[in-house]
Amino acid sequence: MEVSFSKEIEQLRLGAGATFHGEGILAITKALLQSGVSYVGGYQGAPVSHLLDVMVQAKALMSELGVHVEACSNEASAAAMLGASIHYPLRGAVTWKSIVGTNVASDALSNLSSPGVVGGALIVVGEDYGEGASVIQERTHAYALKSSMVLLDPRPDLAVMVRMVEEGFRISEASNMPAILELRIRACHVRGSFECKDNLAPHHSTRHRFAEPAAFDYAKLAHPPVTFRHEKLKSAERIPAARRYIEQQGLNEVFEGRIADVGVIVQGGLYNSLIRALQQFGLADAFGVSALSLLVLNVTCPLVPEAVAAFCVGKRGVLVLEEGQPEYIEQEIATLLRRRDVQTPLHGKDLLPSAGEYSIEVLAEGLIPFVQRYVAETPTSPVAQWLADNRARRAAVPAQFERPLPARPPGFCIGCPERPVFSALKLAQQQVGRVHISADIGCHAFGTFEPFSSGHSILGYGMSLASSAGVSPMMQRRTLSIMGDGGFWHNGLITGVQSALLNGDDSVLLIFKNGYTSATGTQEIISTPNDAAREAAADKLTSLTDTNQTIETTLKGLGVAWLRTVHTYRVAEMRSTLIEAFTSPFDGLKVVIAEGECQLERQRRIRPWLAGLLQRGERVERVRYGVDEDVCNGDHACIRLSGCPTLTVKDNPDPLKVDPVATVIDGCVGCGLCGENAHAATLCPSFYRAEIVTNPKWHERLLDAVRGRVIRALERA
Ligand code: SF4
Ligand code: SF4
């Protein structure tokens, strides 16, 4: 990963008396260091990638403090890392994207939660739910409930978020329960400030190591018969201890309102949106002071029944705001009120939607009937009008256009080395027929969108080959599984390749070897080109992925007998290799490695080198492709085969033709796919390749001058 986080790392060094300004996720990172964390690990994924990326690059600071940082191979290995806190008084933090990462980590989390921890164990999850989310929509809350873990959901205010990190370690130690800190996308990116403390070097660290391992203690194993005792400890001791800590330290916040007998219980993470929604009713002022009484749950699991009941007693009505389904918190509150015979009317999912993000507008909509019933003196029609106006404004935008605006799904970067493989796959299927395609998580999942529409299912990160095991024997044609190198190392090697070899599966696996886990921010993996390769190739424009052969040697070592490596930009060769894989008499797993360095990383590598050449006045050549509009026949086959955003259409300059012609706009990086596709698919000969030379040599200037004269002479003739 060549993105530099040097500014962020400086922020991590701030000490007592200094004020931190910045994003929520970086504040969390700083809070870990202020808490005396001994080890940090995780697996990247939005919206928490930043935490690990910054830690990985802050090697010098981590070494000074004695903090160990591990870039884990997946979330399961990150969760297992917390096992260090079972025996030892070590504070540890790991991070990943949830729900998917928590699913992967769940086995280790169960085995961690059963014996419990003595050192504070904190899991920072990016709750990727709602608008802008990139994964299946489920809640982490279920894991906290089933494994008896503390779940913190801090109010999106940097000072509160930082405090909850520190309290997360303490409550974990007080209750022996691992703690999860849940951060929604907006909380990760909320900006603000907080007063810093000095970073705390942990007592035990890479600088101060234990002389001896812990004594053997069977009770620390997650293994019967002691697991039966663990189960009882959870309800008898750990959860009560956590509840005591929540109360003693005031982790949840009560804001008494002017209208004291109407209350809202809200997940901490939704607080800011709630205040904004209340402002629409005039029920909160510009400084965020609510007229209704609020119970803000910075800890949503476990709830403290006495405290919740005390908040509800004497209120005419209480609304629970809980995002997503099922409504775990609301059900628990209903039960605890019923058991205490508290008769306060309780609302929640009866007024608000079960699914989807609780944005300000969604909250405002749900608040209307609640306010009408319990705060009747407050007019709700202005809010209803505001919502209606918003809807009308949105509806009016497409109406401005003659035709509906085309959808703009995310897609491959311009010049992405993965796009050509999908062109080749499209061409290969024209010959062998359509095949069942098991897709996967990663940039290559963009191949499921137009113009490729390649992929029948996605079962999880690195799971494509495993997910084809049931389909493959039912198909006359071989199935294709697509996986990136990130997915291969995350899970695919074991769950897919090993299983396919064991069972003698006769299918095709296509591995994109672009050198990084690109979709999560181009983090490094074991098959990333190393620094020596980068140094050696600093002045070369070629792909670097072939310098690292770890995937190939691993597959051969495992027993893969049919293995081909093809550079992604050789479309015709890729097409014929795929056809060979689909039709070969070889009975067994066939692996095609599509090799081509992630364009983002390549650009980061070569841009400074090109800038240096230009600064020194040296020759630099850039390649661009274009379409000769007089030759283009307007059938757009090139666009259907490429999908590159810079290959688009424009009005036909010929007044006698109505079909728009293809055109290449600014932004083309000259990746060469246009030429490769034209050749492989025998498209019309309208593409041309232009070399733009800066600081040309004398003979190039001379040649250019001669060419110019000849062209002008021909034009005059
Ligand atoms: S990040 Fe890299 S691999 Fe992903 S779409 Fe962009 S160029 Fe392709
Ligand atoms: S050569 Fe073609 S595919 Fe490549 S960047 Fe340019 S327009 Fe896009």
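Figured I'd write up the structure that's included with this text. Quick caveat: nothing in here was measured; it's all calculated off a predicted structure.

Cut-offs applied
- Residues numbered from 1 in each chain as written.
- Chains lettered and ligands numbered in written order.
- Predicted model: local features only at pLDDT ≥ 70, side-chain atom pairs only at ≥ 80, totals over all residues.
- Heavy atoms only, no water.
- Pairing = 2+ DSSP bridges.
- Helix = DSSP H or I, 4+ residues; strand = E, 2+ residues; numbered from the N terminus.
- Contact = heavy atoms within 4.5 Å.
- Axes fitted to C-alpha atoms, helices over the stretch in contact; angles between N-to-C directions.
- Near = heavy atom within 4 Å.
- Nonpolar A, V, L, I, M, F, W, Y, C, P; charged D, E, K, R; others polar.
- Salt bridge = Lys/Arg side-chain N within 4 Å of Asp/Glu carboxyl O.
- Buried < 20%, exposed > 50% of the residue type's maximum accessible area, 1.4 Å probe, protein only.
- Expected span 1.5 Å × (residues − 1).
- Phe/Tyr/Trp six-rings, centres within 6.5 Å; stacked < 30°, edge-to-face > 60°.
- Lys NZ or Arg CZ within 6 Å of the ring centre and 35° of its normal.
- Core = buried A, V, L, I, M, F, W, Y, C linked by side-chain atoms within 4.5 Å.
- Polar contact = N/O pair within 3.5 Å; in protein donor to acceptor, adjacent residues only side chain to side chain.

### Some points on the sheet that holds strand β9 (residues 253-255)
Now for step 1: Spatially, β9-β11-β10-β13-β14 is the arrangement adopted by the five strands of the open sheet, whose pairing is mixed. Of all the strands in the sheet, the pair left with one neighbour each is β9 and β14 (346-347).
Now for step 2: The sheet contact formed by β9 and strand β11 (residues 292-297) spans three bridges and is antiparallel. Following the sheet pairing, V254 is matched in β11 by L295.
Now for step 3: Helix-sheet contacts for helix α13 (residues 305-312) involve β9, β10 (259-267), β11 and β13 (317-321), and the interaxial angle to β10 is about 145°.
Now for step 4: Against the sheet, helix α15 (residues 360-374) touches β10, β11, β13 and β14, its axis set at about 170° to β13.

### Some remarks on the site of ligand 1
Now for step 1: Lining the immediate surroundings of ligand 1 are F412, C413, C416, C443, N514, S518, C598, Q599 and L600.
Now for step 2: Class assignment of the residues belonging to the shell around ligand 1 gives a composition of six nonpolar, three polar and no charged.

### A short note on the pattern of salt bridges
Now for step 1: Under the definition given, this model contains 31 salt bridges.
Now for step 2: Salt-bridge contacts for E166 lead to K197; the nearest nitrogen and oxygen are separated by 3.0 Å. Taken together, the residues E166 in helix α9 (residues 158-175) and K197 in the loop between β8 (191-195) and α11 (226-249) connect sequence positions 31 residues apart.
Now for step 3: By relative accessible area, which is 8% here, E166 ends up buried.
Now for step 4: Residue classification places K197 among the partly exposed positions, given a relative accessible area of 41%.
Now for step 5: Several salt bridges share partner residues, and in doing so they unite D153, E182, R184 and E323 into one network.

### Points about helix α22 (residues 571-583)
Now for step 1: Along its 13 residues, α22 runs 18 Å from first to last C-alpha, staying within 8% of the 18 Å computed at 1.5 Å per residue.
Now for step 2: Among the residues of α22, V571, M574, T577, L578, I579, A581 and F582 are the ones counted as buried.
Now for step 3: Buried residues along α22 sit in contact with α17 (419-432), β17 (480-484), β18 (508-513), β21 (562-567), β22 (590-595) and α25 (673-680).

### Points about the packing of aromatic side chains
The geometry of two aromatic rings is summed up by the distance between their centres and the angle between their planes.
Now for step 1: A full pass over the atoms with the stated rule returns 11 aromatic pairs.
Now for step 2: Their ring planes at 65° and their centres at 6.4 Å tell us that F412 and F452 sit as a pair that is edge-to-face. Of this pair, F412 sits in the loop between α16 (381-399) and α17 while F452 is found in the loop between β15 (437-439) and β16 (457-458), placing the two residues 40 residues apart along the sequence. Note on accessibility: F412 and F452 belong to one class, buried.
Now for step 3: An aromatic cluster is built from F412, F422, F446, F452 and F512, whose rings are joined through pairwise contacts.
Now for step 4: Cation over ring: R155 sits above Y271, and NZ or CZ is 5.0 Å from the ring centre.

### Examining the sheet that holds strand β2 (residues 39-42)
Now for step 1: Across the sheet, which stays open at both edges, the seven strands sit in the order β3-β2-β4-β5-β7-β6-β12 with mixed pairing between neighbours. Two strands lie at the open edges of the sheet, namely β3 (68-71) and β12 (299-301), each paired on one side alone. When strand polarity is set aside, the average angle formed by the axes of neighbouring strands in this sheet is 20°.
Now for step 2: One ladder, built from two bridges, connects strand β6 (residues 150-152) with β12; its direction is antiparallel. Opposite L151, over in β12, you have C301 as the bridge partner.
Now for step 3: Where helix α7 (residues 100-113) meets the sheet, its contacts fall on β4 (92-98) and β5 (121-127), and the angle it forms with β4 comes to roughly 135°.

### Notes on the nonpolar core
Now for step 1: Counting 51 residues, the largest nonpolar core has L32, L122, L181 and L183 as the members making the most contacts within it.
Now for step 2: Broken down by element, the residue count for this core peaks at eight residues, all from α9.
Now for step 3: Ignoring sequence-local partners within four residues, the contact set of L122 consists of L32, L82, G92, A93, V94, L152, V165, G168, F169, A179 and L181.
Now for step 4: Core analysis: the next-biggest nonpolar cluster, separate from the first, contains 32 residues, A284, L292, L352 and V371 among them.

### Describing the site of ligand 2
Now for step 1: Around ligand 2, the neighbouring residues are I414, Y625, C644, T646, V664, C668, V669, G670, C671, G672, L673 and C674.
Now for step 2: Residues belonging to the shell around ligand 2 are distributed by class as follows: nine nonpolar, three polar and no charged.

### Here's the deal with the pairing of strand β25 (residues 661-664)
Now for step 1: Neither face of β25 is open: one carries V661 and T663, the other A662 and V664, and all of them are buried.
Now for step 2: Here four bridges tie strand β24 (residues 647-650) to β25, and the two strands are oriented antiparallel to one another. Among the inter-strand pairings, V649 is bridged to a residue of β25, identified as A662.

### Some details on the environment of D628
Now for step 1: Tracing the chain through its elements places D628 in the loop between β23 (620-627) and α24 (637-642).
Now for step 2: Expressed as a C-alpha distance, the spacing of D628 and H567, which sit 61 residues apart in the sequence, is 28 Å.
Now for step 3: Excluding residues that lie within four positions of it along the chain, D628 makes contacts with S686 and Y688.
Now for step 4: A polar contact is formed between the side chain of D628 and the backbone nitrogen of D630, at a distance of 3.0 Å.

### Topic: the side chain of Q34
Now for step 1: When you line up the elements, Q34 lands in helix α2 (residues 24-34).
Now for step 2: Judged by its relative accessible area of 6%, Q34 is buried.
Now for step 3: At 3.2 Å, the side chain of Q34 forms a polar contact with the side chain of E166.
Now for step 4: In terms of polar contacts, Q34 uses its side chain to reach the backbone amide nitrogen of K197, at 2.9 Å.
Now for step 5: Here Q34 is in contact with V162, E166, F194, C196, K197, D198, N199 and L200, once residues within four sequence places are set aside.

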